[in-house]
Structures are given as C-alpha cells and as structure tokens.
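Fold and contact review
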Amino acid sequence: MEIEVHQLKRHFGKTKAVDDVTFGFASGQIYGFVGPNGAGKTTTMRIMATLDEPTSGDVRFDGVSVVEEPERARRQIGYMPDTLPAHRDMCVHEYLDLFARAYGLPRQQRRSTIAQIEQFTNLTGIREKLLRALSKGMKQRVSLARALVHDPPLLIMDEPAAGLDPRARVELRELIKALADQGKAVLISSHILAELTEICDGAVIIEQGRLLRAGTLEAIERGDGEVANRRAIALRPHGSVEALYKAMLEMPKVTDARVVGDHVEADVEGDEDDCCDLLAELLRREFRILEFKQVRQGLEQLFMSLTEGKVQ
Ligand SMILES: Nc1ncnc2c1ncn2[C@@H]1O[C@H](COP(=O)(O)OP(=O)(O)OP(=O)(O)O)[C@@H](O)[C@H]1O
C-alpha cells in the first residue's frame, strides 16, 4: 500500500497546526514522525485516521482519499491514540470484541481473530481483567490490540512508548517490527528519538506545522541543505588510537574527531568519495586499519541539526 499525504493543511483560527505537509511511505516500512511539542503531529495523524478534516490537501491510501471516501479510508488504518482506553467497567476481551463487532467481523471470525491478536499482544493471560485494573503498559497493549482487530494495512501510533518502563518499550518495539515484517506500514510519533532510530526505515520531521524533511533515514542524511555534505566515519586501528586520532584531526576535510573506545570517530566535510580518499591517505601514511565504516547519523542528530526547537 502507498500512503500519500499531499499538501495537507489544518488551521485552527490563526494557528497553522499543519501547514502544507507532503510525504509518503509504503507497506513494510516503519516511519518515525518527529517534531517538537505542538509541531502538528497529532493533528496530522488524526486527519489520517479520519477523525478530523483538513482545511485543504488530502491523504490517500492506495488512492482512497480520507476526504472523499472517509468510510473506505477508515478501514485501511488502525489508529492508536495517545490516550488510553477508558471503558472502565469492561474487561479486555469484551472491549476487543466490541470493536471487532463495530468493524462487522462475523462471530466465528471474531473469536479466532481476537484470540490471535490477544496472543500477539501478550494479553491472553489478562483477557478477563477489567480495563480500570490495568497498568499503563497493559493498557498500551490493549490499545494496540484494538487498532489491529480489523487487520488494517496501515498502523498509526501516537506516542505509543510514552510512560512505558524499559522492558515494555523493548516489547513494544518488537511488536512494531513484527507488524512491519507482516507487511504493514507503520507511522509512529515519539520523542524518544534514539529508540525510533533503531526501528525506523524513514522519518518525517516537522516543526511549527511545516515539513522540514521526509524520506528514508539515508536519504534525509544525504539530502540537500545543511546536513548534505557531511559524513561521519569510524575507524579501528591496529595500534595506537591516539596516533590515529591526532592524524585525523590534521586531515583537511575532517571537521571534528573523537576517540570512542578502540575507535576514532570523525566528521568529514564531503561525500563518500572524500571518505574513501581519507582512508587512502591514512594507508599511504602506513596506518594499519582493521575497521572502516560510515556511521549513520541517528534521528537525534538529524533532528537537532534540522529543528531549532521553535514552538507555536
Ligand atoms: N482542536 C484544536 N483547537 C485549536 N488548536 C489546536 C487544536 N488541536 C491542536 N491545536 C494546536 O495545533 C498545534 C499542533 O498541535 P498538535 O497536537 O498536532 O502537536 P503535536 O506535534 O502532536 O504536539 P505534542 O508533541 O506536544 O503532542 C498546537 O499549536 C496546538 O495548540
């Protein structure tokens, strides 16, 4: 499935919550949605989930428009909001059954589908528990299960890791990866950028409603603008790290270098060719290099170099 967000705008009075945002991604991909508080992430996600209407622009799932055919579009997505289930006096199983009915799943199919999802989200052991008796992590899993009952090809998750303990975060990450492996497209907003870097294929970076960058992490890193002509490399010498570190600092295209354990990491002003030239020069100077690799910038670094923390 192709997801296309096209020139999306959503204005609340004078506030341009979303201001001409265009990006796309596809089945099997996990895209991180990042931006400072108030950047417009939730507003964009709610429009994608057909819970709000754009001022102008559109979102299409394989051509199906959220504006023109919201009912059809709605079946394509599972939305996990940043609020947790609030039907306090209902147990987990009843709650999931309620949503499966709402999506019109016939009885037999409902049973097997819910059983599978409960197993996948690790809810089987607590399916009889009341929602109000659940911990935050359990509620997050119920919320994910609810988003999956109609087997949507696209999953939209708004801050799913917020407030989770480290174990629950790791488990959530594994679930998201498994969903992408099944072929689902996933858009996930989070402020925990290091975590997103580990699972995301790409990112959409917005600030004050405006798109700063969108694409695969590699493409964003390579892209035009201020991060374009910068590469980071890591080298592990056979011999003194300090000697290599000093030599690196003297290289004309190296803007910064640091010793990290048994490696030297360096920022290079230039492209891949410049990195290779640098290695050639080191070898010419008879440095013995055991490892040489390009280091991918994390989302955190990309985000910091692209945003200035502006808030509306
Ligand atoms: N219903 C509304 N009425 C008026 N303004 C709104 C409404 N919903 C959102 N906004 C404004 O739109 C802007 C974007 O808000 P949004 O919740 O989309 O940001 P966000 O990126 O999800 O932020 P956070 O990271 O803090 O969750 C903010 O300035 C917010 O105050």
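Each value, and the rule that gives it
- Residues numbered from 1 in each chain as written.
- Predicted model: local features only at pLDDT ≥ 70, side-chain atom pairs only at ≥ 80, totals over all residues.
- UniProt positions renumbered as here; feature names shortened; annotations may be inferred.
- Axes fitted to C-alpha atoms, helices over the stretch in contact; angles between N-to-C directions.
- Helix = DSSP H or I, 4+ residues; strand = E, 2+ residues; numbered from the N terminus.
- Parallel < 35°, antiparallel > 145°, perpendicular 65-115°, else oblique.
- Left-handed = near helix turned anticlockwise from the far one by under 90°.
- Contact = placed C-beta atoms within 7 Å.
- Nonpolar A, V, L, I, M, F, W, Y, C, P; charged D, E, K, R; others polar.
- Near = placed C-beta within 6 Å.
- Pairing = 2+ DSSP bridges.
- pLDDT = per-residue confidence, 0-100.
- Expected span 1.5 Å × (residues − 1).
- Buried ≥ 20, exposed ≤ 12 C-beta atoms within 10 Å, placed from the backbone.
- Arc of directions from axis to C-beta.

In the annotation of an unreviewed UniProt entry, the protein is listed under the name ABC transporter ATP-binding protein and assigned to Natronomicrosphaera hydrolytica. Looking at the Sequence similarities (unreviewed entry) heading of the UniProt record, one finds this comment for the protein: "Belongs to the ABC transporter superfamily."

Take the packing of helix α3 (residues 92-102) against helix α5 (residues 136-148) next. Packing of α3 against α5 leaves a shortest axis separation of 9 Å and a crossing angle of 25°. If you check the angle between α3 and α5, you find them roughly parallel. In this structure, α3 meets α5 at a crossing whose hand is right-handed. Packed against α3, whose contacting residues are Val 92, Tyr 95, Leu 96 and Phe 99, the element α5 presents Val 142, Ala 145 and Arg 146 at the interface. Of the residues in the contact of α3 with α5, the class split is six nonpolar, no polar and one charged.

This paragraph deals with the site of the ligand. Taken together, 12 residues are adjacent to the ligand, and Phe 12, Ala 17, Asn 37, Thr 42 and Thr 43 come closest. For the shell around the ligand, the secondary-structure elements that each account for two or more residues are β2 (15-26) and α1 (41-48). In terms of residue count, α1 provides more of the shell around the ligand than any other element does, three residues in total. Broken down by class, the residue content of the shell around the ligand amounts to three nonpolar, eight polar and one charged.

Another aspect to go through is the sheet that holds strand β1 (residues 2-12). Taken together, four strands build an open sheet; the order of strands is β2-β1-β4-β5 and the sheet is antiparallel. Strands with a single pairing partner mark the edges of an open sheet, and in this sheet they are β2 and β5 (64-65). Across five bridges, β1 lies against strand β4 (residues 56-61) in antiparallel orientation. What sits directly across from Glu 4, in β4, is Arg 60.

What follows is about the confidence of the model for the protein. On average, residues of the protein score 89 in pLDDT, and 95% of them are at 70 or above. Taken over the whole predicted complex, pTM reads 0.79, whereas the ipTM for its chain interfaces reads 0.96.

In a regular helix each residue adds 1.5 Å, so 14 residues correspond to 20 Å; helix α4 (residues 107-120) covers 20 Å between its end C-alpha atoms and thus fits that length. Looking only at α4, the buried set comprises Thr 113, Ile 114, Ile 117 and Glu 118. Viewed end-on, α4 has its buried residues packed into an arc of 130°, placing them on one side of the element. Facing away from the buried side of α4 by more than 90 degrees, the exposed set consists of Gln 108, Ser 112, Gln 116 and Gln 119. Close packing links the buried residues of α4 with α3 and α5. Phi for Asn 122, located one or two positions after α4, is positive at around 60°.

It is worth spelling out the sheet that holds strand β7 (residues 154-158) at this point. The pairing of strands in a sheet happens through backbone hydrogen bonds and is either parallel or antiparallel. Taking strand neighbours across the sheet as the criterion, the six strands line up as β6-β7-β8-β3-β9-β10 in an open arrangement whose pairing is mixed. Among the strands making up the open sheet, the edge pair consists of β6 (77-80) and β10 (210-216). Between one strand and the next, the sheet's axes are offset by a mean angle of 15°, whatever the strand orientation. By the bridge criterion, six bridges tie strand β9 (residues 202-207) to β10 in an arrangement that is antiparallel. Considered in β10, the bridge of Ile 205 is made with Arg 213. Packed on one face of the sheet, α1 meets β3 (30-34), β6, β7, β8 (185-189) and β9 and runs near 150° to β7. Across the sheet, helix α6 (residues 166-181) lies against β3, β7 and β8, angled at about 150° from β8, the strand it touches most.

Let's shift gears to the environment of Glu 71. Secondary-structure assignment places Glu 71 in helix α2 (residues 70-74). Put simply, Glu 71 and Ala 247 are 176 residues apart on the chain and 63 Å apart in space, counted from C-alpha to C-alpha.

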